[in-house]
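# Geometric and topological summary
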There are 2 protein chains.
Amino acid sequence: MKFVAEALGLSESAARKLEERSILRKAVINHPFFQDIINAYALEKKFGGYEDGTFVAKTVNGLEVVRGYPKIRRALTLYPTLKKHFSGEVALEEKMNGYNVRILQFGRRIYAVTRRGFVCPYTTEKARIIFDTDFFRDNPELMLCCEGVGEESPFVPKPVYGKKIDFYVFDIREKRTNKPLSIEDKSKTAEEYGLKLAPVLQIVDAEHAHEAVADEIKKLGKKGREGVVVKDVNMKQPPVKYTTSQSNCADLSYAFRYFNEYAKDFMISRIVREAFQSLEFGDDSEAFKNRCLRLGESILRSMVESIEDVKRRGRVAEKMRLRFYNLDVFELFREHIRRMGVDARFSEPVEEDGYVVFMERPMMSTSDKIASLLKGGFW
Amino acid sequence: MKFVAEALGLSESAARKLEERSILRKAVINHPFFQDIINAYALEKKFGGYEDGTFVAKTVNGLEVVRGYPKIRRALTLYPTLKKHFSGEVALEEKMNGYNVRILQFGRRIYAVTRRGFVCPYTTEKARIIFDTDFFRDNPELMLCCEGVGEESPFVPKPVYGKKIDFYVFDIREKRTNKPLSIEDKSKTAEEYGLKLAPVLQIVDAEHAHEAVADEIKKLGKKGREGVVVKDVNMKQPPVKYTTSQSNCADLSYAFRYFNEYAKDFMISRIVREAFQSLEFGDDSEAFKNRCLRLGESILRSMVESIEDVKRRGRVAEKMRLRFYNLDVFELFREHIRRMGVDARFSEPVEEDGYVVFMERPMMSTSDKIASLLKGGFW
């Protein structure tokens, strides 16, 4: 805790208090797999100038402060929001649908830190295969902010990106300050080191960005993709995101599948997005009908599936296929999930290009509610 | 307050405490229109053996305690719920879609008390036209539990029941004990005094009630009606309600029109009902598609309308047409609404078969949220 106080410029007793209030939490499991990290803590809430998800570590290289990834605000209307928020040129980047990780190097090894600021064994194992250390050797002060995507994701499984976990870099930032590279510098750097970037779809003037985003969103929607992040090319303004109808509906589908676990706000906000998009995109009566059907189906079909699951198997659960290359990492990941407070069950590993494991998260609140209603309980 | 204490069997200081905590609230406006009531209080929360909405009055006839109308539980599945809950014969009554009022007589006049336990000037005026006092002369200990329906409703305006306010009796109960008449006695009494009853659709054995209700619900849905209340013919078991898909969707339409004022739970519960009904009714793929479309449209169309209202007029408001026969009653109703804490604006009365007045309730939370998003605010 002493090193955290030193790194964040706090008194040791102030740091202790943060730990007692669970604002600072141990962020790494002590294990040779993470041998370059002597100890680490995650900041679970915004504190002082530090974003939540900030990671503070004592490593073989000394003290490290890795800033949390800032929240990106969401536009509900493209016009006038983008025009008002930006000036000059903006880049429209594809928003990949996965989980946010920061890829870093400590000592001679690559590490993956989750949005919340914890070292993830599963993601670290994959990142060590995909990233080499050249970039970090030349840029020790930088981190790669990536979207971890793919079907074999422990957090946001999406087959549309392929089976195995992959990473798309969307920002390159200074670890210590969170200062991002400009779009141009990021692109050059990515090319130089062979990093896969979240695609830059267009560079346009902010005045016309709303039209360009609408065009891209329609195209991305048809491909089942998530949306667009609009960024000032110099990264001087905070970025703004906007999503496809298909992605809003996929979120709803997920939320209603486990309706008693998920916050109602999550549901309402996505429905509001659809209403604003319908008006802004000027849906004709057929487009509107399709949007209503898509919305209604995304909600109802997944709820019906959950009821059927409870009827047949007594419960509803989220099931993910994971792949490990080292069984130690599997054990570390189990421990990581346990520490995150997630209730999950794992199948026995089966050898197949590494080891395939199924992770099941029983959704007890939804399961119990449905079971009680099926038995003739009242709402 | 002394008479309330006496009526409920409390100490005067206990009654005062209930008033300080706003559990007891003044339930009548002092005015010659209500001249038979010297004073009255409503119980805003369940207390002791008394239901919320219990009305306690000092009247020209003496002390009166009028019990609050009990909540009716809702089945999400017809089978096994009805079979489990009932035995013997049950009556399937149509559930009318309006507002719950208790019709009573004090002195020589009729009074209408709302669900919450307040004397409503608007409803009282209409009830005095529709009900005569024969029934109460012969049965001073009873009350008529009615649904107030129609387009000119200040609370639940539904044109499907016609323009002017009308009343359907669904229970006849002892004021003091809440003891209901059996279905047969209720029907006989209604016939004798020419009371309009909520239609009794079928009398069936509880074993088969789930099938009978499903049939009736499908028919009622097509007519845009609300649903069914299942009642033990002897009224020995609490009744159970079940609603049509069309009614669930109409509720959603309303809730999403004013999405920032309405509790999220209201929305989710209605969606859950649709999922259970879809499975229980065995929707084929076309029926399921229609249900999804109906659900999606009910949600999206009303939200789009609200956004358009804010674009055009700066705000979204609920507008009702009301009719008064006496301008004093209009003034009393304004005061009643104000006391209920409802923000409403009224148009100037226009003479037309009495006086027509429009009541507008601005929905400020939804209006402000939409306005901010339209101006380019973030979610």
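Just so it is clear, the model here is predicted, and its values are computed rather than measured. All residue numbers here refer to positions counted from 1 along the written sequence of the relevant chain. Key to labels: chains lettered from A, ligands numbered from 1, both in the order written. Totals for whole chains, interfaces and linings use all residues, but because this is a predicted model, local features are given only for residues with pLDDT of at least 70 and pairs of side-chain atoms are given and counted only at 80 or more. Excluded from the side-chain calculations are hydrogens and water; all other atoms, namely the structure's heavy atoms, are used.

## Here we look at the domain arrangement of chain A
What fixes the domain bounds is an automatic or database domain assignment. According to the domain assignment, chain A consists of domain 1 (2-68 + 97-197), domain 2 (73-94 + 201-243) and domain 3 (246-313). Computed from C-alpha coordinates alone, the two centres of domain 1 of chain A and domain 3 of chain A are separated by 33 Å.

## Points about the interface of chain B and chain A
Residues count as neighbours in contact if any of their non-hydrogen atoms are within 4.5 Å of one another. Taken together, the contact between chain B and chain A spans 46 residues of the former and 46 residues of the latter. When chain B packs against chain A, close to 4300 Å² is buried across both sides, 84% of that on carbon and sulfur atoms. Salt bridges, as used here, are contacts in which a Lys or Arg side-chain nitrogen is within 4 Å of a carboxyl oxygen on Asp or Glu. Remark: the boundary between chain B and chain A carries zero salt bridges. In terms of residue count, the dominant contributor to the side of chain B that touches chain A is helix α10 (residues 285-313) of chain B (15 residues). Residues are grouped as follows: nonpolar covers Ala, Val, Leu, Ile, Met, Phe, Trp, Tyr, Cys and Pro; charged covers Asp, Glu, Lys and Arg; every other residue, Gly included, is treated as polar. Across the side of chain B that touches chain A, the residue classes break down as 27 nonpolar, seven polar and 12 charged. Buried area: the accessible surface (1.4 Å probe) lost by two parts on joining, summed over both. Per the convention used, a helix needs a DSSP run of H or I reaching at least four residues, while a strand needs a run of E reaching at least two, with both numbered from the N terminus.

## Describing the sheet that holds strand β8 (residues 109-114) of chain A
Residue and element names in this part refer to chain A. Here the rule is simple: two strands pair whenever DSSP picks up at least two bridges between them. The antiparallel open sheet is built from four strands, whose spatial order is β8-β7-β9-β10. Unpaired on one side and paired on the other, β8 and β10 (166-174) mark the two borders of the sheet. Pairwise comparison of adjacent strand axes, ignoring direction, gives a mean angle of 35° for this sheet. Here strand β7 (residues 99-106) pairs with β8 via six bridges, running antiparallel. Looking at the pairing, V101 lines up with T114 of β8. To obtain each axis, a line is fitted to C-alpha atoms, and for helices this fit is confined to the stretch in contact; angles are then taken between N-to-C directions over 0 to 180 degrees.

## Focus: the environment of V357 of chain B
All names here are of chain B. Here V357 is to be found in strand β17 (residues 355-362). Any residue under 20% of the maximum accessible area for its type is buried, any over 50% is exposed, and the rest in between are partly exposed; the area is computed with a 1.4 Å probe on protein chains only. Exposure remark for V357: the relative accessible area of 0% places this residue in the buried category. Residues V357 and L322 lie 35 residues apart in sequence; the distance between their C-alpha atoms is 5.2 Å. Excluding residues within four positions of it along the chain, V357 makes contact with M320, R321, L322, F324, F330, F346, S347 and P349.

## Re the pairing of strand β2 (residues 37-43) of chain B
Residue and element names in this part refer to chain B. When you tally the buried positions in β2, you get six out of seven residues, the bulk of the element. Across three bridges, strand β1 (residues 24-26) lies against β2 in antiparallel orientation. Bridge pairing in β2 places K26 opposite Y41. Where β2 and strand β3 (residues 55-59) come together, five bridges link them in antiparallel fashion. Across the sheet, residue A40 finds its bridge partner in β3, namely A57.

## Let's talk about helix α11 (residues 327-339) of chain A
Since the α-helix packs 3.6 residues into each turn, any two residues three or four apart lie on the same face. Residues and elements named next belong to chain A. If you check α11, its first and last C-alpha atoms are 19 Å apart, about what 13 residues at 1.5 Å a residue would give, namely 18 Å. Those residues of α11 that fall on the buried side of the exposure criterion are V329, F330, L332, F333, H336 and I337. Buried residues along α11 cover an arc of 165° about the axis, so they all sit on one side. Looking at the packing, one finds that the buried side of α11 touches α4 (121-130), β14 (317-324), β15 (345-346) and β17 (355-362). With its phi angle positive at about 80°, G341 sits one or two positions after the end of α11. By this rule, a helix spans an expected 1.5 Å times one less than how many residues it contains. In this description, the arc belongs to the directions extending from the helix axis to the C-beta atoms.

## What to know about the side chain of Q105 of chain B
All names here are of chain B. Structurally, the position occupied by Q105 is in strand β7 (residues 99-106). Between N or O atoms, a polar contact is any pair within 3.5 Å; within protein, one atom must be a potential hydrogen donor and the other a potential acceptor, and residues adjacent in sequence are included only when both atoms are from side chains. There is a polar contact of 3.0 Å between the side chain of Q105 and the backbone oxygen of G107. Contacts of Q105, omitting those with residues within four sequence positions, involve I110, T133, F136, R137 and K175.

## With respect to the sheet that holds strand β4 (residues 62-66) of chain A
Residue and element names in this part refer to chain A. The sheet built from four strands is open, its strands ordered β1-β2-β3-β4 with antiparallel pairing. Two strands in the sheet have a free side with no partner beyond their single neighbour: β1 (24-26) and β4. Adjacent strand axes in the sheet meet at a mean angle of 20° when their direction is disregarded.

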